[in-house]
Amino acid sequence: MNRFLIPVFLALFLLTTSTTSGQNLQTNTNLDKVKQSQIFDKNYQLSPTQNQWTFIKLDTRNGKMWQVQWGFSEKDRMESTLNGVSLVLESEESVGRFKLYNTNNMWNFILLDQLMGQTYQVQWSFTPSERFVKPIF
């Protein structure tokens, strides 16, 4: 009798586990879709850097960017321009056109024009002369 029950319990366990995993996968996929729609439907996107105090704010319509630093004291909070010039004509701006991607280098990001495919290297820094946005050809 015990030899018969062990395979039955094992089969039930495997069936329950695979069903649960499938449901979690579906939930995660739906959550990812919600997150993506929230990002692409907004004029601005805030991207974290590997520095806990620093973010990059992107105007998704035109590629303008700012380095945003937060802190506990007034002197630690700031917003500095990384790129104050629109990368497209005003008539070509559209919400979600530009997206920022992390790289393995904490100082650099890749900016993608999702309509035209143009890419840019974005470098933030605490030193103003080391900040830049340059096209990648």
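Notes on the structure in this doc start here. (Residues numbered from 1 in each chain as written. Predicted model: local features only at pLDDT ≥ 70, side-chain atom pairs only at ≥ 80, totals over all residues. Heavy atoms only, no water.)

Below, the discussion takes up the sheet that holds strand β4 (residues 78-83). Taken in spatial order, the four strands line up as β1-β2-β3-β4 in an open sheet, and their pairing is antiparallel. Whereas interior strands pair on both sides, the edge strands pair on one side only; in this sheet they are β1 (44-48) and β4. On average, adjacent strands in this sheet sit at an angle of 25 degrees to one another, irrespective of strand direction. Note that strand β2 (residues 54-59) and strand β3 (residues 65-69) share five bridges and pair antiparallel. Its bridge partner lying in β3, T54 is registered against Q69. (Pairing = 2+ DSSP bridges. Helix = DSSP H or I, 4+ residues; strand = E, 2+ residues; numbered from the N terminus. Axes fitted to C-alpha atoms, helices over the stretch in contact; angles between N-to-C directions.)

Under the criterion given, the structure shown has five salt bridges. The residue D59 makes a salt bridge to R61 at a minimum N-O spacing of 2.8 Å. The residue R97 makes a salt bridge to D113 at a minimum N-O spacing of 2.9 Å. Taken together, the positions of R97 in the loop between β4 and β5 (98-102) and D113 in strand β6 (residues 108-113) put the pair 16 residues apart, joining distant regions of the chain. For the pair R97 and D113, a shared accessibility class is recorded, and that class is buried. (Salt bridge = Lys/Arg side-chain N within 4 Å of Asp/Glu carboxyl O. Buried < 20%, exposed > 50% of the residue type's maximum accessible area, 1.4 Å probe, protein only.)

Turning to the nonpolar core, a few remarks are in order. Membership of the largest hydrophobic core is limited to 12 residues, which are I56, L58, M65, L82, V88, F98, L100, F109, L111, Y120, V122 and W124. Elements that contribute at least two residues to this core include exactly β2, β5, β6 and β7 (119-123). Excluding residues within four positions of it along the chain, W124 makes contact with T49, N51, T54, I56, Q67, L82, M106, W107, F109 and R131. (Core = buried A, V, L, I, M, F, W, Y, C linked by side-chain atoms within 4.5 Å. Contact = heavy atoms within 4.5 Å.)

This paragraph deals with the pairing of β3. Where burial is concerned, most of β3 is hidden: four out of the five residues are buried. Where β2 folds back on β3, the antiparallel hairpin that results is connected by five residues, among which G63 adopts a positive phi of roughly 85 degrees. Of the strand pairs in this sheet, β3 and β4 are connected by five bridges, and their pairing is antiparallel. Of the residues in β4, the one forming a bridge with Q67 is S80.

The strand order β5-β6-β7-β8 describes an open sheet built from four strands, whose pairing is antiparallel. Edge positions in the sheet fall to β5 and β8 (132-136), since each of these pairs with one other strand and no more. Each strand of the sheet is rotated relative to its neighbour by a mean of 30 degrees, with strand direction disregarded.

Looking now at the pairing of β5. Pairing of β5 with β6, which is carried by five bridges, proceeds in the antiparallel orientation. Bridge pairing links Y101 to I110 in β6. Hairpin connection of β5 to β6: five residues between the antiparallel strands.

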